[in-house]
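Structural overview
Chain residues, written in single-letter form:
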Amino acid sequence: LFWRLCAMGHFGLLPLLFRPVELPFKVVSYILYMAFVTYSLDITLNGMDKFGLGIVAMVSIFMEVLHPLLFQPLGLFEFLPLMMTSIVCAIGLIGCWIQCGILMV
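Residues numbered from 1 in each chain as written. Predicted model: local features only at pLDDT ≥ 70, side-chain atom pairs only at ≥ 80, totals over all residues. Heavy atoms only, no water.

Counted at 1.5 Å a residue, the expected span for helix α1 (residues 2-13) with its 12 residues is 16 Å, and the 17 Å between its end C-alpha atoms agrees. Where α1 is buried, its residues touch α2 (23-40), α3 (47-70) and α4 (80-104). (Helix = DSSP H or I, 4+ residues; strand = E, 2+ residues; numbered from the N terminus. Expected span 1.5 Å × (residues − 1). Contact = heavy atoms within 4.5 Å.)

What follows is the structure, encoded as structure tokens:
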């Protein structure tokens, strides 16, 4: 549960680093932090965690590679990457909230 909260919560903060110069720092810091949390807590990722990580990776690739190449030169869908990030993080955090409620009952 903590790992999922970290993954979604920190991914939601990544659009705050929006300049192209900050991209390597953003990606490396996110990967290193998640690897540190996984290693230090000795977590084995289940299927749902891997699925969530795959969704985060796809949204990140769209945000940093596909959107600037396809839509940004035309001036279309300027806020689509932010909206996708917000929706993915909101769904992930609501899922964690529901799982926490189930565990407490």
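There is more to say after this.
Inspection of the entire model under this criterion finds 3 aromatic pairs. Arranged with centres 5.2 Å apart and planes meeting at 90 degrees, the rings of F71 and F77 form a pair that is edge-to-face. Accessibility expressed as a relative area gives 22% for F71, which makes it partly exposed. An aromatic cluster is present here, built from F62, F71 and F77 joined pairwise through their rings. (Phe/Tyr/Trp six-rings, centres within 6.5 Å; stacked < 30°, edge-to-face > 60°. Buried < 20%, exposed > 50% of the residue type's maximum accessible area, 1.4 Å probe, protein only.)

The next thing to look at is the packing of α1 against α3. The interhelical angle for the contact between α1 and α3, taken along N-to-C directions, is 10 degrees, at an axis separation of 11 Å. When the axes of α1 and α3 are compared, the pair comes out roughly parallel. Every residue of α3 that contacts α1 at W3, R4, M8 and F11 is listed here: D49, G52, L53, V56, V59 and S60. Residue classes in the contact of α1 with α3 are distributed as 6 nonpolar, 2 polar and 2 charged. (Axes fitted to C-alpha atoms, helices over the stretch in contact; angles between N-to-C directions. Parallel < 35°, antiparallel > 145°, perpendicular 65-115°, else oblique. Nonpolar A, V, L, I, M, F, W, Y, C, P; charged D, E, K, R; others polar.)

Contact geometry for α1 and α2: axes closest at 11 Å, N-to-C directions at 170 degrees. The angle between the axes of α1 and α2 places the two elements in the roughly antiparallel class. Residues F2, W3, C6, A7, H10 and F11 of α1 form the contact with α2, whose participating residues are Y30, Y33, M34, V37 and T38.

Geometric values such as these leave the question of function open.
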